[in-house]
Amino acid sequence: MEDYYKQVLSAGERLISLIALALDLEENFFHDVGAFNPPNGFLRLLHYPGELSSSNEEIYGASAHSDYGMITLLATDGVGGLQVCKEKLKKPHVWEDVQHISGAFIVNIGDMMERWTNCLFRSTLHRVMPRGQERYSAAFFLDPNPDCVVECLKSCCSESTPPRFPPIRSGEYLNERFKLTYGAGN
Ligand SMILES: O=C(O)CCC(=O)C(=O)O
Ligand SMILES: [Fe+2]
């Protein structure tokens, strides 16, 4: 597991460098603003039981949400159930199954990347629907270091598109989100 953590962290950091280049920034931009100083990765191992509830209610394996950080690298055992909504502002939500590609990660954009890019990169709204089959997944959340300030990138705002979010320290943002989700700070 320790090895997996190191490798997925390294893949995540490389992906973030590519995202920086795609945003017309220096390859090391996110390193230079302290996002990885030191890195703040969290690996969550998930098991969804196979039994379906006998009630008629729609029961979720994971209800609709977006992840909080920069990006999430998700590995699954290939059992379906993960769905994404590509236009989260449009209601009702339209959900699409995510196809499993053997040996590939599923990468979700997180909410702090959305804040950094002023919504140019939208965080991925996703959920897991039960399929009556046992399912395992490993989600690696790559969050900015708690001291890193997440503020609108210069390349993502202009006079006509001003910053939509004020600057915030990553740790403060994460605490707010955890409080809202679990009712307590960490
Ligand atoms: O198990 C999955 O495929 C997704 C898990 C997830 O979205 C999460 O833990 O945030
Ligand atoms: Fe998630």
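Relevant structure appears above.
Cut-off values and rules
Residues numbered from 1 in each chain as written. Chains lettered and ligands numbered in written order. Predicted model: local features only at pLDDT ≥ 70, side-chain atom pairs only at ≥ 80, totals over all residues. Heavy atoms only, no water. Near = heavy atom within 4 Å. Polar contact = N/O pair within 3.5 Å; in protein donor to acceptor, adjacent residues only side chain to side chain. Areas by Shrake-Rupley, 256 points an atom, 1.4 Å probe, with all protein chains shown as cover. Helix = DSSP H or I, 4+ residues; strand = E, 2+ residues; numbered from the N terminus. Nonpolar A, V, L, I, M, F, W, Y, C, P; charged D, E, K, R; others polar. Donors = N, O, S within 2.8 Å, 3.2 Å for Na, K, Ca; no water. Buried < 20%, exposed > 50% of the residue type's maximum accessible area, 1.4 Å probe, protein only. Phe/Tyr/Trp six-rings, centres within 6.5 Å; stacked < 30°, edge-to-face > 60°.

## Quick notes on the site of ligand 1
- In the vicinity of ligand 1, the residues found are R44, L46, Y48, H65, D67, L74, L82, H126, V128, R135, S137 and F141.
- Contacts to ligand 1 include H65, whose side-chain N or O atom sits 3.0 Å from an oxygen atom.
- In the complex, 97% of the free accessible area of ligand 1, which totals 300 Å², lies under the protein chains.
- For the shell around ligand 1, the elements supplying multiple residues, two or more each, are β1 (40-48), β7 (125-128) and β8 (135-143).
- Taken together, the residues that form the shell around ligand 1 break down as six nonpolar, three polar and three charged.

## Concerning the coordination of the iron ion (ligand 2)
- Those protein atoms acting as donors to the iron ion (ligand 2) are H65 (NE2), D67 (OD) and H126 (NE2), and they sit at 2.1 to 2.2 Å.
- For the iron ion (ligand 2), all donor residues lie on one chain, and their spacing in sequence is H-x1-D-x58-H.
- A relative accessible area of 30% places H65 in the partly exposed class.

## Side note on unusual backbone geometry
- Between N37 and P38 the backbone carries a cis peptide bond, its omega angle lying at -5°.
- K91 connects to P92 through a cis peptide bond whose omega is -5°.
- With respect to the helices, strands and loops of the structure, P92 is situated in the loop between β4 (82-85) and β5 (96-97).
- Of note, the phi angle at D24 is positive, near 65°, even though the residue is not glycine.
- Overall, D24 belongs to the exposed group, its relative accessible area being 71%.
- Phi at C119 takes a positive value of approximately 75°, unusual for a residue other than glycine.
- Along the chain, C119 falls in the loop between α3 (111-116) and β7.

## Observations concerning the packing of aromatic side chains
- Under the criterion given, the structure shown has six aromatic pairs.
- Centre to centre, the rings of F29 and F30 are 5.1 Å apart; their planes meet at 90°, and the pair counts as edge-to-face.
- With a relative accessible area of 0%, F30 lands in the buried category.
- With 4.9 Å between their ring centres and 75° between their planes, F30 and W116 make a pair best called edge-to-face. In this pair, F30 sits in helix α2 (residues 29-32) while W116 sits in helix α3, placing the two residues 86 residues apart along the sequence. Summarising the burial analysis for this pair, F30 and W116 share the class buried.
- Ring-pair connections join several aromatic residues into one group, and the members of that group are F29, F30 and W116.

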